[in-house]
Amino acid sequence: MKIKDRLALYFTLVSTITLLGVLVSVYFTFIKVMESEFFDRLTDRTMVTAKLYLKADEISNDALNKVRAQYLERLDGEVIRIYNARNNATFIGDDQQFWSNETINKVREEGKIRFIDGERQVVGIFYKDNQGDFVILASAIDTGTTLRVQKLLSVMVIVFVVIFLGLLLCGRWIAERILSPLNVFIEEVKLIKSNNLSFRVREGRNKDEITLLAQNFNNLMEHLEHSFVLQETFVANASHELRTPITRMMMSAEISLSKDREKEDYKNALRSMLEDAEKLENIVAALFTLAQADLEYGTSQTEKVRMDEMIWRLQAEWNQKKGPDKMTVEMKNLPLEDASRLIITANPTLLQIALGNVIGNAFKFSDDQQVNCLLEVTPEGLSISISDLGTGIEESKQKQIFKPFYSSAVRTDHAGNGMGLYMAHKIITLFGGKITVKSANTPGTTFLIRFPAF
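The rules we used
Residues numbered from 1 in each chain as written. Predicted model: local features only at pLDDT ≥ 70, side-chain atom pairs only at ≥ 80, totals over all residues. Heavy atoms only, no water. Pairing = 2+ DSSP bridges. Helix = DSSP H or I, 4+ residues; strand = E, 2+ residues; numbered from the N terminus. Axes fitted to C-alpha atoms, helices over the stretch in contact; angles between N-to-C directions. Contact = heavy atoms within 4.5 Å. Expected span 1.5 Å × (residues − 1). Bend = angle between axes of the 7 residues up to and from the residue. Phe/Tyr/Trp six-rings, centres within 6.5 Å; stacked < 30°, edge-to-face > 60°. Buried < 20%, exposed > 50% of the residue type's maximum accessible area, 1.4 Å probe, protein only. Lys NZ or Arg CZ within 6 Å of the ring centre and 35° of its normal.

A. Structural view of the sheet that holds strand 1 (residues 79-83). Here we have four strands laid out as an open sheet, ordered 1-4-3-2, and antiparallel in their pairing. Of all strands in the sheet, those bounded by a partner on one side alone are strand 1 and strand 2 (112-117). Between one strand and the next, the sheet's axes are offset by a mean angle of 15°, whatever the strand orientation. Bridge analysis of strand 1 against strand 4 (residues 132-141) gives five bridges, and the strand direction is antiparallel.

Here is the structure:
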């Protein structure tokens, strides 16, 4: 059964049971009210009977006839008896013993009783008069209430059926309205194929469970798209990058083995093969590093990282590699009392790889000239700029440098595997940052990294 059908069914069942409870309560309440009202009428009838027959000697005949006409309209199956001290019927011209002595004596003891005898309702009162002590019993069949209850029951059955059908239709309509975003979501998911992984389902604005489902599905599609892009990129580009050094190594080996050569020729061939092997190793290492970035980010191995301390460590490492004062560090607007503004949440290993790639790129393209790093704390967050004195990057190439396996190098000694800046961009983006480049045809390039304040 579909969810919308179950929702409609559950809504109808709950509403119907509630309605049924209300109708049953009204039905029995109505019966009790009418029963109590009829008992009151019988009680009034006994009092009027006492006044008419026991006080008749004190009022005129005209008044007695008037009272009889006004108050003694006969009820269905009406029976009235007045019993004297010997429990004999008297006064109303009917000495038939309609009620037992037990019932009459019970009235004398309790003063007033009400009870139901089959279809009849009975009221009895004990009445003291100057002529003696009397018991007055009156009973009748409440035919009017029976007819009213039957009509009420018929109306309730009709109302119940109409409301039940209305609730069923309304429940289905409500379920359709509530689940309509889910139907849209299902239809849009059907459109997703391997060739359009960039497609995203509509998330809506209700901020309900369906919106959360759509958001999480879009996040999943984003990761899947990224994985497919990596796969396609690897197949299209990495295979070529891996094949080139392998082909050169094989050609060098074949040429060297084609005939006997001098010892120096063999050394040169081995050096060439070693250089190609190192390039091959760098490409493989870059691919493994990228895979590690995906894996470690997926497991959310993050912690609090102080950016000033990381930059000092990077300065020490690069100055040890390149020479003293090759990398300078400047810090502006450091918070003296709130060190938390220097902290971001990230994986420290991956973040150090990203910054190290940018710094290494700056040294490579500036021929190991001085590299400057500026850390600044702003109201918007942390800003890190890394500047070199290299040849610069053409504006047409600036949008391409963060793509995998892309290299803007013109000189052979600047050539790399094209993965450093791509991995830096990926890692920084994963941890909520943003990296941009500012350069011109004049010497010098600046990479600006920003992490928003939290």
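Having seen the model, we can carry on.
B. Up close: the sheet that holds strand 10 (residues 434-439). Spatial strand order, 6-8-9-11-10: five strands in an open sheet with mixed pairing. Whereas interior strands pair on both sides, the edge strands pair on one side only; in this sheet they are strand 6 (327-332) and strand 10. Mean inter-strand twist for the sheet, computed between neighbouring axes without regard to direction, equals 15°. Bridge analysis of strand 10 against strand 11 (residues 445-452) gives six bridges, and the strand direction is antiparallel. Following the sheet pairing, Val437 is matched in strand 11 by Phe447. Along the sheet, helix 7 (residues 307-322) contacts strand 6, strand 8 (371-378) and strand 9 (381-388); its crossing angle with strand 6, the most-contacted strand, is approximately 165°.

C. Region of interest: helix 4 (residues 143-190). Across its 48 residues, helix 4 extends 68 Å between first and last C-alpha, which sits within 8% of the 70 Å expected from 1.5 Å per residue. Along helix 4, the largest kink reaches about 50° and is centred on Leu179; proline Pro181 follows within four residues of it.

D. Representation of the packing of aromatic side chains. Summed over all chains, the structure comprises four aromatic pairs. Measuring from centroid to centroid gives 4.8 Å for Phe98 and Trp99, while their planes differ by 65°, and the two rings are edge-to-face. Here Phe98 falls in the partly exposed class, since its relative accessible area comes to 35%. Trp99 sits in the buried class, given a relative accessible area of 7%. The cationic tip of Lys321 hangs over the ring face of Trp318; the distance from NZ or CZ to the ring centre is 4.5 Å.

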